Amino acid sequence: MEDSRPGSDPIVEIKEGMKAADYLCDDNIATALFLAGELNKPILAEGPAGVGKTDLSKAYSRYSGLPLIRLQCYEGLDEAKALYEWNYKKQLLCIQADRSRDLTWEQLDDDLFSEDFLLPRPLLKAITSDGRVVLLVDEVDKADVEFEAFLLEVLSDFQVSIPELGTVVARQMPFVVLTSNRTRDLSEALRRRCLYLFIDFPDPERELEIVRLRVPGVAEELARRVVAVVRYIRQMDLKKVPSISETLDWARSIMVLGRDVIDEDMIAGTLSLLIKEQKDLEKVQANIKSLARQALS
Ligand SMILES: Nc1ncnc2c1ncn2[C@@H]1O[C@H](COP(=O)(O)OP(=O)(O)O)[C@@H](O)[C@H]1O
Ligand SMILES: [Mg+2]
């Protein structure tokens, strides 16, 4: 449908809104956010570390005003930690306190496995929330394959069955963002369910814009030089290349140091902000002259 009114393009609107929430979207990211909202589909954001995958959902929460619920994935994460647990301590205390009441086993069982003793974890919190929420399932590649299968089930219908209480159905579909650093391949089934978004290192103009947005007051010239040096380092053969986080940290540090020239000494003195591996550090140190030239070109 054509709509020529200025400001009525939903993609432009999202870009502007996200920028006001401190996040710079390109067209791909803004389109994914728009479609995810319209189609009620989760976004699967994949890409290298530090390119803004986690921050995407945080910024979307600020932009949309929807509360953020985060499930941080790790090896060994299980249903109990992701969905719900029974509050054993409280149950034990209750049994002790109830001794005098002489309850039957059934009565006690009904009491102990009621909502009062339920500890909701992020997924259940997202499902039972009154209003819509943003659900961030962060670093899903770190979770085990079995957990991924369980997650897929939850994402399919947003209802869970708690044997003691019955089925709980989400009142409103959460806006879901899953992130992955690609430490392992995710299942086809999970990919199929999601809108796929690959976030890569930004091009120089966009990275510069991110620096301007996230490091207020940075001098234009300094921002350009920081981005140029970081990009130069990125094309070196390193174990871990600096990401946007490092670009921002470095720009902030140079500002704090009150320097406006990026020379060899400056780079050498602040390199640990950009490079986090000993072997990489040696390689970059060996190239410090070219880096300084890069900053001046
Ligand atoms: N497009 C962007 N706009 C604004 N800030 C960004 C953008 N991309 C990355 N950043 C910043 O870079 C840093 C790293 O982002 P993060 O979301 O933690 O990366 P990831 O989850 O991909 O490892 C954060 O400080 C984030 O705010
Ligand atoms: Mg992250």
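Enquirer: Break down the overall build of the protein chain for me, with residues and values.
Expert: Each helix and strand in the protein chain was counted, giving 15 helices and 9 strands. Computed over the C-alpha atoms, the radius of gyration of the protein chain is 24 Å, more than 25% above the 19 Å expected from 2.2 N^0.38 for a compact globule of 297 residues. The buried share of the protein chain, taken over its 297 residues, is 44%. Sequence-distant contacts, at least 24 apart, represent 75% of the contacts inside the protein chain between residues at least 6 apart. As presented, the protein chain carries roughly 15900 Å² of accessible surface, and 50% of it is formed by carbon and sulfur atoms. In the protein chain, which carries 39 positive and 52 negative side-chain charges, the distance between the mean positions of the two groups comes to 5 Å.

Enquirer: Outline the sheet that holds strand β9 (residues 195–198), supporting the account with residue identities and numerical values.
Expert: Across the sheet, 5 strands lie side by side as β2-β5-β8-β1-β9; this open sheet has parallel pairing. Edge strands, defined here as strands with exactly one partner in the open sheet, are β2 (68–72) and β9. Averaged over all neighbouring strand pairs, the angle between strand axes comes to 20°, with direction disregarded. Pairing geometry for β2 and strand β5 (residues 134–138), over 5 bridges, is parallel. Each residue of the ladder has a partner; that of Arg-70, found in β5, is Leu-136.

Enquirer: Give me the site of ligand 1: which residues, what numbers.
Expert: Around ligand 1 there are 17 residues in total, and Leu-24, Gly-50, Lys-53, Asp-55 and Arg-214 lie nearest to it. A distance of 2.6 Å is found between an oxygen atom of ligand 1 and a backbone nitrogen or oxygen belonging to Gly-50. The contact in question runs from an oxygen atom of ligand 1 to an N or O atom on the side chain of Thr-54, over 2.8 Å. Contact with the protein chains hides 85% of the accessible area of ligand 1, taken as 560 Å² for the molecule alone. Residue classes in the shell around ligand 1 are distributed as 8 nonpolar, 4 polar and 5 charged. Three or more residues apiece are contributed to the shell around ligand 1 by two domains, here domain 1 (10–80 + 122–198) and domain 3 (204–296).

Enquirer: Tell me about the pattern of salt bridges, and please be specific about residues and values.
Expert: Summed over all chains, the structure comprises 21 salt bridges. Residue Asp-55 is joined to Arg-214 by a salt bridge in which the shortest nitrogen-to-oxygen separation is 3.4 Å. Here Arg-214 lies in helix α10 (residues 204–214) and Asp-55 lies in helix α3 (residues 53–64), a separation of 159 residues in the sequence. The closest approach of N and O atoms between Glu-220 and Arg-212, which form a salt bridge, is 2.8 Å. On the basis of relative accessibility, which here comes to 33%, the residue Arg-212 falls in the partly exposed class. Among the charged side chains, a salt-bridge network with shared partners connects Glu-205, Arg-212, Glu-220 and Arg-224.

Enquirer: An account of the state of the cysteines is needed here, citing residue identities and associated values.
Expert: For the structure shown, the criterion picks out 0 disulfides. Just so you know, Cys-194 is unpaired, no disulfide at all, and the nearest cysteine sulfur is the one on Cys-73, 12 Å from it.

Enquirer: Give a detailed account of the nonpolar core, specifying residues and quantitative values.
Expert: Leu-123, Leu-135, Val-137, Phe-147, Leu-151, Phe-158 and Leu-178 are the most contacted members of the largest nonpolar core, which totals 38 residues. Looking at this core, the element that brings in the most residues is helix α8 (residues 145–157), giving 6 residues. With near-sequence residues (within four places) excluded, Leu-135 lies in contact with Ile-69, Leu-123, Ala-126, Phe-158, Pro-174, Phe-175, Val-176 and Val-177.

Enquirer: Outline the domain arrangement of the protein chain, supporting the account with residue identities and numerical values.
Expert: Taken domain by domain, the protein chain comprises domain 1 (10–80 + 122–198), domain 2 (84–120) and domain 3 (204–296). The C-alpha-based centres of domain 1 and domain 3 are spaced at 32 Å. Buried surface at the junction of domain 1 and domain 3, both sides included, amounts to about 800 Å², of which 55% is carbon and sulfur. Taken as a group, Asp-22, Leu-24 and Gly-50 account for 60% of the area that domain 1 buries against domain 3, more than any other trio of residues on that side. For the pair domain 1 and domain 3, the number of links is 1 salt bridge. Summed over the shared surface of domain 1 and domain 3, the number is 4 residue pairs in polar contact (both at pLDDT 80 or more). Residues belonging to the side of domain 1 that touches domain 3 are distributed by class as follows: 6 nonpolar, 1 polar and 4 charged.

Enquirer: Please give an account of the pairing of strand β6 (residues 159–162) that cites residues and values.
Expert: Side chains Val-160 and Ile-162 of β6 all project onto a buried face; the interleaved residues Gln-159 and Ser-161 project onto a face where none is buried. Sheet topology note: the β6/strand β7 (residues 166–169) ladder contains 4 bridges and is antiparallel. Paired with Ile-162 across the strands is Gly-166, a residue of β7. Linking β6 to β7, which pair antiparallel, is a turn of 3 residues.

Definitions and limits used
Residues numbered from 1 in each chain as written. Chains lettered and ligands numbered in written order. Predicted model: local features only at pLDDT ≥ 70, side-chain atom pairs only at ≥ 80, totals over all residues. Heavy atoms only, no water. Helix = DSSP H or I, 4+ residues; strand = E, 2+ residues; numbered from the N terminus. Rg over C-alpha atoms; globule rule 2.2 N^0.38 Å. Buried < 20%, exposed > 50% of the residue type's maximum accessible area, 1.4 Å probe, protein only. Contact = heavy atoms within 4.5 Å. Areas by Shrake-Rupley, 256 points an atom, 1.4 Å probe, with all protein chains shown as cover. Lys, Arg positive; Asp, Glu negative; His and termini not counted. Charge placed at Lys NZ, Arg CZ, Asp CG, Glu CD. Pairing = 2+ DSSP bridges. Axes fitted to C-alpha atoms, helices over the stretch in contact; angles between N-to-C directions. Near = heavy atom within 4 Å. Polar contact = N/O pair within 3.5 Å; in protein donor to acceptor, adjacent residues only side chain to side chain. Nonpolar A, V, L, I, M, F, W, Y, C, P; charged D, E, K, R; others polar. Domains from an automatic or database assignment. Salt bridge = Lys/Arg side-chain N within 4 Å of Asp/Glu carboxyl O. Disulfide = S-S within 2.5 Å. Core = buried A, V, L, I, M, F, W, Y, C linked by side-chain atoms within 4.5 Å. Buried area = accessible area lost by both parts, 1.4 Å probe.

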